[in-house]
Amino acid sequence: MSAVSPNEKFETSWDLAPAPESTDHVNLESHYDLFIDGEFRPSKSGNRFASVNPATEETIAEVTEADQADVNVAIKAARKAHDNVWSKMPGAERGKYIYRIARLMQEQARELAVIESMDGGKPIRESRDIDIPLAAAHFFYYAGWADKLNYAFPNRRPTSLGVAGQVIPWNFPLLMAAWKIAPALATGNTVVIKPAETTSLTALKLAEIFQQAELPPGVVNIVTGHGEVGAAIVNHSDVNKVAFTGSTDVGKIIQKSLAGSEKSLTLELGGKAANIVFEDATIDQAVEGIVNGIYFNQGHVCCAGSRLLVQESIHDELVRKLKHRMDSLIVGDPLDKNTDIGAINSSEQLNTIESYIQIGKDEGAQFYQPSCPVPEKGFWCRPSLFTDVAQSNRIGQEEIFGPVLAVQTFRTVAEAIQKANNTPYGLSAGVWTDKGSKIFNLTSQMRAGIVWANTYNKFDPTSPFGGYKESGFGREGGLHGLSAYLKV
Amino acid sequence: MAKKSKNETNSVRVPVNKTYKLYIGGAFPRTESGRFYSPEVDGVSLGSICLSSRKDLRNAIVAARSAQAGWASRTAYNRSQILYRIAEMLEGRSEQFVAELKSQGLNVARAKKEVASSIDRLIYYAGWCDKYQQIFSSVNPVASSHFNFSVLEPMGVVFVVASEDSPLLGLISAIAPIIASGNSVVALASESKPLSAITLAEVLHTSDLPGGVVNLLTGNAGELVEHAAKHLDLNAIAFDRDNAEQLELIARESAANVKRVRKLCLDWTDVESANPYLIHDYCEVKTTWHPIEKISASGSGY
């Protein structure tokens, strides 16, 4: 490899002036009750916990810790709403409520984006341009399905399942709420949903939007709290459908606990996606795709391209360019519009990531991290890279859920396919090559539910999302996302 | 001379009985365990039937896994013709199947109907092989400059606990939609009426179906379902028995590798029980994204 020419390297010595998004227009209460049967209600126990801004470690608001008694009330409200109102309402009318929700979300997008970044630590650029617009678009897309369901399933007249119990993660709080709630409502089901304990606030703001949209009471109920609350929902005997997004470990516990019940189940679980770069790829574009694949949302992404498989002939050049690109990434204040990598969602998650970094070092892989500054308070992890990773290394096998990339090499197409599929997961994969027939060979050989060719981490309400193998079953998004909520 | 001629001595010909064996990887082995059982109908033994062991199950799964990628890579047209060929072979052996169903306790009319329905069911799914994809796949109109489409792909290897009471039609109705999309199968036949499955293996073997795509075991579900549910190289389990306890066990242990579990228990004599949604049940949806270059437009799709 030739030496780095000066103009090939990013100029990283600039200091960009801070460009923080204002928080003036954000309306947050000091504490939030549970949202049950159309109104905010205190829990029976009165217990609360703090929702902390991971960039400042300050409490933003207090959130209610629900318990079994509260879950019972929420499910009762959802049952009543399903049987008496929502499932009987003509699809066209249901659809109009869901359209209203989408419109209100669009109107309040700025406030929702700022709260999402404050509560979860993601860069405002992502919450503003991706999370919130996509969440609104998801409601808008499924609203239109409500009166067209018979066209989605030829020779069938599908009907709603009943009460859907839903548990969502902290990496895309409002977007995951939209992915769960929108198709459930369009298909005539009612919902009891638990947001993740570190990121409840945008779901509770969404509850305010439900009130503004005059959604009938009980159609969506939001109960906040920790894992026990999720367990209480999924194990409740009057729930007909369970939808979970989260870790594979918890997904397996849920699958076990539902054995013998008549509940239908969809799981969207973990991943360890291979992002495969061939020597005939446009390398600079691939570098951007690799960065977007693993450092998007601090790597808190189940479909993150966390395993980079590089054809051996371009390994050195690509890794050199990748390191230069990493050097220019800005880590810091999530509300700053210049920020590329925001705060790690919680101190627990930071500990997990740091322990994996130590494991990688102990396993003998080569570690690289740029020396960019990070704020003193808050939870931060610089973009991280391991090269010389062996197939058996834990950092190449296990989901880290942080900005840590493991790099391996391959020589032949067959070896790339074999290595990419050599994982219990099967959520996503990426392929970078300029050769069309190679793309189709690779994308059809990947045992994964989403394959990005010459792009990565793109999402759309019309595009089905979900995994093969231990990444779960069922799809969210698109026509295929409807069947998870219907008796067909 | 009062001596009888040779012909007169052997006037009653001694029939040649079939040794009933398993069907694994396109071969007909006996159970490795050496165990047999003898189901009876009205006090008459059906013969010595292999009591499959955990090892037989594991061997069958290995054979199914090895065969699966090749089967899935066959063209849909080719899979369609092979399913049709199975029906042709079954038609030619109708009388044997009717006789066996009779010995397993059906009256002649019902036995004939079961065989005819089984043949027709194969024809039905043969026709779907190159059509279900067009029904269930989609081009998705994403709001960005990407070509985005979703197609169905087979799940992989599926374990079938076949119907106890419908030994031929039930077995075929369960297996046909699974292999139509390119999955391979390990099926456990009806324990009390295993003859149809054993003879079906001979039909499959002469139908251009690659060895290992369908593997047939005989024996006791109670012995095998837990091992199947815990097996890490199975993708899905289809359960067609009226046994809540076994179904729960399967559902619980299937969490080991997030297996898909499909409860069947349909009335297979109802033609509506056959439909392309059953093919979909054993498929994964794969979505592919690709940028569309917009020459002279602002911004790229990458």
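What you see is a predicted model; the values in this text were computed from it and never measured. (Residues numbered from 1 in each chain as written. Chains lettered and ligands numbered in written order. Predicted model: local features only at pLDDT ≥ 70, side-chain atom pairs only at ≥ 80, totals over all residues.)

Chemist: Any chance you could explain the overall build of chain A here in plain terms?
Modeler: A count of helices and strands for chain A gives 15 helices and 20 strands. Since a compact globule built from 488 residues should have a radius of gyration of about 23 Å, the 22 Å found for chain A is in line with a globular shape. The principal-axis extents of the C-alpha atoms in chain A amount to approximately 70 × 50 × 35 Å. Taken over 488 residues, chain A has a buried fraction of 59%. Excluding contacts between residues fewer than 6 apart, the proportion of contacts in chain A whose partners are at least 24 apart in sequence is 73%. (Helix = DSSP H or I, 4+ residues; strand = E, 2+ residues; numbered from the N terminus. Rg over C-alpha atoms; globule rule 2.2 N^0.38 Å. Buried ≥ 20, exposed ≤ 12 C-beta atoms within 10 Å, placed from the backbone. Contact = placed C-beta atoms within 7 Å.)

Chemist: Sorry, what's going on with the overall build of chain B here?
Modeler: Regarding its fold elements, chain B presents 11 helices and 12 strands. Taking the principal axes of its C-alpha atoms as reference, chain B extends roughly 110 × 35 × 35 Å. Within chain B, the proportion of its 302 residues that are buried is 47%. In chain B, the proportion of contacts linking residues at least 24 apart, taken out of those at least 6 apart, comes to 74%.

Chemist: Help me understand the sheet that holds strand S8 (residues 184–188) of chain B in this model?
Modeler: All names here are of chain B. Read from one edge to the other, the open sheet built from five strands follows the order S9-S8-S7-S10-S11, with strand pairing classed as parallel. Two strands bound the open sheet, and with one partner strand each, they are strand S9 (214–217) and strand S11 (260–263). Going across the sheet, the axis of each strand differs from the next one's by a mean of 15°, ignoring polarity. As paired strands, strand S7 (residues 157–161) and S8 are joined by five bridges and run parallel to one another. Within S8, the residue paired with Val161 across the bridge is Leu188. (Pairing = 2+ DSSP bridges. Axes fitted to C-alpha atoms, helices over the stretch in contact; angles between N-to-C directions.)

Chemist: Hey, could you run me through the pairing of strand S12 (residues 283–291) of chain B in this one?
Modeler: Looking along a regular strand, one sees the side chains alternate between the two faces of the sheet. The buried count for S12 of chain B comes to eight of nine residues, which makes it a mostly enclosed element. The sheet contact formed by strand S18 (residues 450–453) of chain A and S12 of chain B spans three bridges and is parallel. Pairing of Val451 of chain A across the sheet is with Thr288 of chain B, part of S12 of chain B. In this structure, strand S6 (residues 146–154) of chain B lies alongside S12 of chain B, joined through nine bridges in antiparallel fashion. Across the sheet, the residue bridging to His146 of chain B is Pro291 of chain B, located in S12 of chain B.

Chemist: Whenever I open this one, the sheet that holds strand S16 (residues 404–410) of chain A confuses me. Can you help?
Modeler: Hydrogen bonds between backbone atoms are what pair the strands of a sheet, whose relative direction is either parallel or antiparallel. Read across the sheet, 10 strands follow the order S14(A)-S15(A)-S16(A)-S13(A)-S12(A)-S17(A)-S18(A)-S12(B)-S6(B)-S5(B) without closing on themselves; strand pairing throughout is mixed. Across the chains shown, the open sheet's two edge strands, defined by having one partner strand only, are strand S14 (366–368) of chain A together with strand S5 (138–139) of chain B. Sheet topology places strand S12 (residues 274–277) of chain A next to strand S13 (residues 307–311) of chain A; four bridges connect them, and they run parallel. By the bridge assignment for S13 of chain A, Val277 of chain A is matched with Val310 of chain A. Together, S14, strand S15 (384–387) and S16 of chain A form the strand contacts of helix H12 (residues 347–362) of chain A, whose direction differs from that of S16 of chain A by roughly 35°.

Chemist: Explanation requested: the nonpolar core in the structure shown.
Modeler: Note that soluble globular proteins tend to have their nonpolar side chains buried in a common cluster. Residues Ile98 and Phe139 of chain A are the most contacted members of the largest nonpolar core, which totals 94 residues. Among the elements that take part in this core, helix H6 (residues 173–186) of chain A stands out by supplying 11 residues, more than any other. Dropping the residues within four chain positions of it, Phe139 of chain A is found in contact with Ile98, Ile101, Ala102, Met105, Ala178 and Ala182 of chain A. Formed by 91 residues, the second largest nonpolar core is a distinct cluster that contains Val160, Leu168, Ala189 and Leu209 of chain B. (Core = buried A, V, L, I, M, F, W, Y, C linked by C-beta atoms within 7 Å.)

Chemist: Which parts of the structure should I look at to understand the pairing of S18 of chain A?
Modeler: Residues Ile450 and Trp452 of chain A of S18 of chain A are buried on one face, and the alternating residues Val451 and Ala453 of chain A, pointing to the opposite face, are buried as well. Crossover strand S17 (residues 428–432) of chain A to S18 of chain A through helix H15 (residues 436–445) of chain A is right-handed. (Right-handed = clockwise from strand over helix to strand, strands pointing away.)

Chemist: Quick question: what am I supposed to make of the environment of Tyr425 of chain A here?
Modeler: Residue and element names in this part refer to chain A. Following the sequence through the fold, Tyr425 ends up in the loop between helix H14 (413–421) and S17. Residue Tyr425 is classed as buried on the basis of its 29 C-beta neighbours within 10 Å. In this structure the C-alpha to C-alpha distance between Tyr425 and Glu398, which are 27 residues apart in sequence, comes to 9.3 Å. In this view, Tyr425 contacts Gly270, Gly271, Lys272, Lys469, Glu470 and Ser471; residues no more than four positions away in its chain are not counted.

Chemist: Quick question: what am I supposed to make of the packing of helix H5 (residues 108–128) of chain B against helix H7 (residues 169–180) of chain B here?
Modeler: The description of two helices packed together rests on the angle between their axes and the distance between the axes. All names here are of chain B. The contact between H5 and H7 brings their axes to 9 Å, and the two run at 10°. With respect to their mutual orientation, H5 and H7 come out roughly parallel. Where H5 approaches H7, its residues Glu114, Ser117, Ser118, Arg121, Leu122, Tyr125 and Trp128 are matched on the opposing element by Leu169, Ile172, Ser173, Ala176, Pro177 and Ala180. Here the residues of the contact of H5 with H7 are counted per class, giving eight nonpolar, three polar and two charged. (Parallel < 35°, antiparallel > 145°, perpendicular 65-115°, else oblique. Nonpolar A, V, L, I, M, F, W, Y, C, P; charged D, E, K, R; others polar.)

Chemist: When you look at the environment of Arg110 of chain A in this model, what are you seeing that I'm missing?
Modeler: Structurally, the position occupied by Arg110 of chain A is in helix H3 (residues 109–120). For the pair Arg110 of chain A and Ser22 of chain A, spaced 88 residues apart in the sequence, the C-alpha separation amounts to 9.9 Å.

Chemist: Where do I start with H6 of chain A in this structure?
Modeler: Helical periodicity: at 3.6 residues per turn, an α-helix aligns residues three or four positions apart in one direction. For H6 of chain A, which comprises 14 residues, the first-to-last C-alpha distance of 20 Å matches the rise-based estimate of 20 Å (1.5 Å per residue) to within 8%. Backbone geometry just after H6 of chain A places Gly188 of chain A at a positive phi near 90°. (Expected span 1.5 Å × (residues − 1).)

What is shown is where atoms sit, not what they do.
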